[in-house]
Amino acid sequence: MSRVGKLPVKIPEKCKVAVDGTTVKVEGPKGKTAFTFNPVVKVVVDKGQVQVSRPDDSRLAKGLHGLTRTLVKNALEGVTKGYEDALEISGVGFKAELKGKDLHFALGFSHPVVFKLPEGVSAEVDAKQTRIVVRSADKHLLGLTSAKIRGLRLPEPYKGKGIKYATETIRRKEGKTGAA
């Protein structure tokens, strides 16, 4: 039996969980989210908790058992507390600006870069315009959005210019040395 999968997930107050076929829908104070799971496992909601079970001990069922339970737990945590990622911009003249649901970047290109935030994701730019905090109730969507923003200008290893996660450290390379 999966150690993670067999643990029930307690449903917090102010949250609703509904299972419709192979779709789990979760609603809470921070928003709502839904995901589909593999029909090999079974998800049941009863007595204020969600229980995930599997029919047999096949390799596929064992893998999906813990995964599905973790997806339910992440969805519940997202709609109650929410998730956030912080990104930092470094480079001379590099900056970000929030205009409605669009992020406008100056990243050293000949044109400004406009990034449209997907539905369910919000962003906040600090006063220096070099730090972006992205928030969402959906952990998967937040990770995708943060990765796409970082991909607009990847941090380079010589001067460290670009967009990086706040917790990330860039391995710096030594530049060319002068001829002897």
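In what follows, the structure referred to is the one given above.
With that out of the way, let us pick up the sheet that holds strand β4 (residues 31-36). Spatially, three strands are ordered β2-β3-β4 in an open sheet, and the strand pairing comes out antiparallel. Edge positions in the sheet fall to β2 (16-20) and β4, since each has one partner strand and no second. Adjacent strand axes in the sheet meet at a mean angle of 15° when their direction is disregarded. Taken together, the five bridges between β2 and strand β3 (residues 23-28) define a ladder with antiparallel strand orientation. Bridging across to β3, K16 finds its partner in E27. Packed on one face of the sheet, helix α1 (residues 59-80) meets β2, β3 and β4 and runs near 165° to β4.

What follows covers α1. The end-to-end C-alpha distance of α1 is 33 Å, a good match for the 32 Å that 22 residues give at a rise of 1.5 Å each. By the burial criterion, the buried members of α1 are A61, L64, H65, G66, T68, R69, V72, N74, A75, L76, G78 and V79. Once α1 ends, the next one or two residues include G82, with phi positive near 90°.

Let us look at the pattern of salt bridges. Close approach of charged atoms allows side chains of opposite charge to pair. Following the criterion strictly, the structure yields eight salt bridges and no others. In this structure, E88 engages K164 in a salt bridge whose closest nitrogen and oxygen atoms are separated by 3.3 Å. Here K164 lies in strand β13 (residues 162-165) and E88 lies in strand β7 (residues 83-90), a separation of 76 residues in the sequence. When its relative accessible area of 27% is taken as the criterion, E88 is described as partly exposed. Salt bridges sharing common partners tie together E84, E124 and R135.

For the rest of this paragraph, the subject is the pairing of β7. Bridging between β7 and strand β12 (residues 131-136) involves six bridges; their strand directions are antiparallel. In the sheet register, E84 faces β12, and the bridge partner there is R135. Strand direction decides the pairing type here: β7 and β13, joined by four bridges, are antiparallel. Bridged to E88 within β13 is K164.

Each value, and the rule that gives it
- Residues numbered from 1 in each chain as written.
- Predicted model: local features only at pLDDT ≥ 70, side-chain atom pairs only at ≥ 80, totals over all residues.
- Heavy atoms only, no water.
- Pairing = 2+ DSSP bridges.
- Helix = DSSP H or I, 4+ residues; strand = E, 2+ residues; numbered from the N terminus.
- Axes fitted to C-alpha atoms, helices over the stretch in contact; angles between N-to-C directions.
- Contact = heavy atoms within 4.5 Å.
- Expected span 1.5 Å × (residues − 1).
- Buried < 20%, exposed > 50% of the residue type's maximum accessible area, 1.4 Å probe, protein only.
- Salt bridge = Lys/Arg side-chain N within 4 Å of Asp/Glu carboxyl O.

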